[in-house]
Amino acid sequence: MNQEKIGNFISENRKKLNMTQEELAEKMNVSKNAVSKWERGLNLPDASIMEDLCKILNITLNELFKGEYKNLEIKNLYKVYQTKTEKIIAVDNATYKFESGCFYAIMGHSGSGKSTLLNILGTLDKQTSGEYLINGENISNYDDVVLSAIRMRGIGFIFQNYSLDPNLKSFENVMLPMYINNAIKKENRKTRAIKLLEYVNMGDRINHYPKELSGGEQQRVAIARALANDPRVIIADEPTGNLDEKNEEIIFSILKKLSQMDKCVIVVSHNENILKYADKVLYMKNGKLGVYSEE
Ligand SMILES: Nc1ncnc2c1ncn2[C@@H]1O[C@H](COP(=O)(O)OP(=O)(O)OP(=O)(O)O)[C@@H](O)[C@H]1O
Ligand SMILES: [Mg+2]
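Residues numbered from 1 in each chain as written. Chains lettered and ligands numbered in written order. Predicted model: local features only at pLDDT ≥ 70, side-chain atom pairs only at ≥ 80, totals over all residues. Heavy atoms only, no water.

1. Looking at the overall build of the protein chain
Thinking step 1. What the protein chain contains, in helices and strands, is 11 helices and 10 strands.
Thinking step 2. Compactness check: the protein chain gives a C-alpha radius of gyration of 20 Å against a globular reference of 19 Å for 295 residues, within 12% of the reference.
Thinking step 3. With respect to the principal axes defined by its C-alpha atoms, the protein chain has extents near 60 × 50 × 40 Å.
Thinking step 4. For the protein chain, buried positions account for 52% of its 295 residues.
Thinking step 5. In the protein chain, of all internal contacts separated by at least 6 residues, the share reaching a separation of at least 24 is 70%. (Helix = DSSP H or I, 4+ residues; strand = E, 2+ residues; numbered from the N terminus. Rg over C-alpha atoms; globule rule 2.2 N^0.38 Å. Buried < 20%, exposed > 50% of the residue type's maximum accessible area, 1.4 Å probe, protein only. Contact = heavy atoms within 4.5 Å.)

2. Some remarks on the sheet that holds strand S4 (residues 129–134)
For sheets, the rule is that strands pair by backbone hydrogen bonds, running either parallel or antiparallel.
Thinking step 1. A sheet is described by the order of its strands in space; here 4 strands give the open sequence S2-S1-S4-S5, paired in antiparallel fashion. Of all strands in the sheet, those with a lone pairing partner are strand S2 (87–99) and strand S5 (137–138), marking the two edges.
Thinking step 2. The pairing of strand S1 (residues 71–82) with S2 spans 10 bridges and is classified as antiparallel. Each residue of the ladder has a partner; that of Leu72, found in S2, is Phe98.
Thinking step 3. Contacts between helix H6 (residues 114–121) and the sheet are confined to S1, S2 and S4, with S1 contributing the most and set at about 125° to the helix. (Pairing = 2+ DSSP bridges. Axes fitted to C-alpha atoms, helices over the stretch in contact; angles between N-to-C directions.)

3. A closer look at the site of ligand 1
Thinking step 1. Around ligand 1 sit 13 residues, and of these Ser110, Gly111, Lys114, Ser115 and Thr116 come closest.
Thinking step 2. Contact between ligand 1 and Ser110: an oxygen atom at 2.5 Å from a side-chain N or O atom of the residue.
Thinking step 3. Between ligand 1 and Ser115, the relevant distance is 2.8 Å, taken from an oxygen atom to a side-chain nitrogen or oxygen of the residue.
Thinking step 4. In isolation ligand 1 offers 640 Å² of accessible surface; the protein chains occlude 61% of this area.
Thinking step 5. Of all the secondary structure elements, the ones that give two or more residues to the shell around ligand 1 are S2 and H6.
Thinking step 6. Among the elements that line the shell around ligand 1, the one with the most residues is H6, at 3 residues.
Thinking step 7. Class assignment for the residues of the shell around ligand 1 results in 3 nonpolar, 8 polar and 2 charged. (Near = heavy atom within 4 Å. Polar contact = N/O pair within 3.5 Å; in protein donor to acceptor, adjacent residues only side chain to side chain. Areas by Shrake-Rupley, 256 points an atom, 1.4 Å probe, with all protein chains shown as cover. Nonpolar A, V, L, I, M, F, W, Y, C, P; charged D, E, K, R; others polar.)

4. Quick notes on the packing of aromatic side chains
The description of two aromatic rings rests on the distance between their centres and on the angle between their planes.
Thinking step 1. Counted under the stated rule, the structure contains 6 aromatic pairs.
Thinking step 2. Between Phe252 and Tyr277, the ring centres sit 5.6 Å apart and the planes meet at 50°, which makes this aromatic pair tilted. In this pair, Phe252 sits in helix H11 (residues 245–260) while Tyr277 sits in the loop between strand S8 (264–268) and strand S9 (280–285), placing the two residues 25 residues apart along the sequence.
Thinking step 3. Phe252 gets classed as buried once you look at its relative accessible area, which sits at 0%.
Thinking step 4. For Tyr277, a relative accessible area of 12% corresponds to the buried category. (Phe/Tyr/Trp six-rings, centres within 6.5 Å; stacked < 30°, edge-to-face > 60°.)

5. Focus on unusual backbone geometry
Thinking step 1. Positive phi, normally seen in glycine, also occurs at Asn18, with a value near 55°.
Thinking step 2. Along the chain, Asn18 falls in the loop between helix H1 (3–16) and helix H2 (21–28).

6. Points about a nonpolar patch on the surface
Thinking step 1. Taken together, the side chains of Met152, Leu176, Tyr179 and Ile180 present a nonpolar region at the surface, about 370 Å² in accessible area.
Thinking step 2. In terms of residue count, the dominant contributor to the nonpolar patch is helix H8 (residues 170–181) (3 residues). (Patch = residues over 30% accessible without salt bridge, like charges linked within 9 Å, V, L, I, M, F, W, Y side chains within 5 Å. Salt bridge = Lys/Arg side-chain N within 4 Å of Asp/Glu carboxyl O.)

7. What to know about the nonpolar core
Thinking step 1. Ranked by size, the top nonpolar core spans 46 residues in total, and within it Ile74, Phe98, Leu117, Leu121 and Ile266 carry the most contacts.
Thinking step 2. If one sorts the elements of this core by residue count, helix H4 (residues 47–57) sits on top with 5 residues.
Thinking step 3. Judged by nonpolar contacts, the second largest core, of 39 residues, contains Met107, Val174, Ile234 and Ile254. (Core = buried A, V, L, I, M, F, W, Y, C linked by side-chain atoms within 4.5 Å.)

8. A few points about the pairing of S4
Thinking step 1. Where S1 lies against S4, 5 bridges are found, and the strand directions are antiparallel. Residue pairing in the sheet places Glu73 in a bridge with Leu133 of S4.
Thinking step 2. Counting the residues between successive antiparallel strands, the hairpin from S4 to S5 contains 2 residues, one of them, Asn135, with a positive phi of roughly 50°.

9. Looking at the layout of surface pockets
Thinking step 1. Of the volumes computed, that of the largest pocket is approximately 390 Å³.
Thinking step 2. Looking at the lining of the largest pocket, the elements with two or more residues in it are helix H7 (144–154), strand S6 (155–159), H8 and helix H10 (215–226).
Thinking step 3. Looking at the second largest pocket, its volume works out to about 210 Å³.
Thinking step 4. Every residue along the wall of the second largest pocket is listed here: Met107, Gly108, His109, His270, Glu272, Tyr283, Met284, Lys285 and Tyr292.
Thinking step 5. At 3 residues, S9 tops the list of elements feeding residues into the lining of the second largest pocket.
Thinking step 6. Taken together, the residues of the lining of the second largest pocket break down into 4 nonpolar, 3 polar and 2 charged. (1 Å grid on protein atoms, 1.4 Å probe; cavity = no way out; pocket = protein on both sides within 12 Å on 5 of 7 lines; lining within 4 Å. Points joined across faces, edges and corners; volume = space filled by probe spheres on them.)

These figures come from the coordinates and say nothing about function on their own.
In structure tokens, the structure reads:
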């Protein structure tokens, strides 16, 4: 993510191929000065040529963006929906810094803006105004190719309705994000999927289809899938909304363990049981984000 790191990575891989800056520039149809600027971290390659660059250097977008997502910071963030009849301020001047290694609970009434905020943090949606920085870098103006690379590599999503593909077995569902983003080598994917399923205690259900699993089991498969590319950030929107208390405890404790492995875990929930697990509790009220407690 860090521009300088990306530059070094480009330079290293160019040299590995015994290619000069001129040769790379020629292949990319850009000036040598442009290549030199990338490698010194003064400029990022334009998103439209990012994929070509990866092909030439024999690297993946994910490798290029592999970074330590240590924090997510929002500053004076607004999301405004303008309908025909009214203006809805779904996120109203939110400022906060989310750090890795921490389990955040975000609570609040229906319609208070929780999902809207999560979608922006997950780069699925863009704010109307204000800043969003990942590791101190403003990503607000990045275009979709770069954002999707950041998202695919760095962020795992968990939803209330599990969102599993009904036609795929558990291990195939977990493998899916690995195909989309090529971070994990082909020959290692199945083994990794099985390991992740074992991690969420689903090792004896790897060949089951979603309809053959309980809700709690489906959500555990969805957590394994969210971990497919080893993201630093886990974002979960009401992950236990459809589950009973016992399954809720199981899901929250897995998410807790992940936060203890230095991931940044952000969970929206209506359920007060989450308070036992959360390191920090935030709330949303009419679009405003606040902090309940520091414990
Ligand atoms: N695409 C949209 N167009 C217009 N208004 C929207 C849109 N999406 C959300 N809203 C409005 O923004 C506000 C916040 O919605 P959001 O989904 O973030 O709430 P929430 O806190 O997640 O609620 P819930 O707990 O019910 O999931 C609501 O008033 C909602 O009606
Ligand atoms: Mg919601």
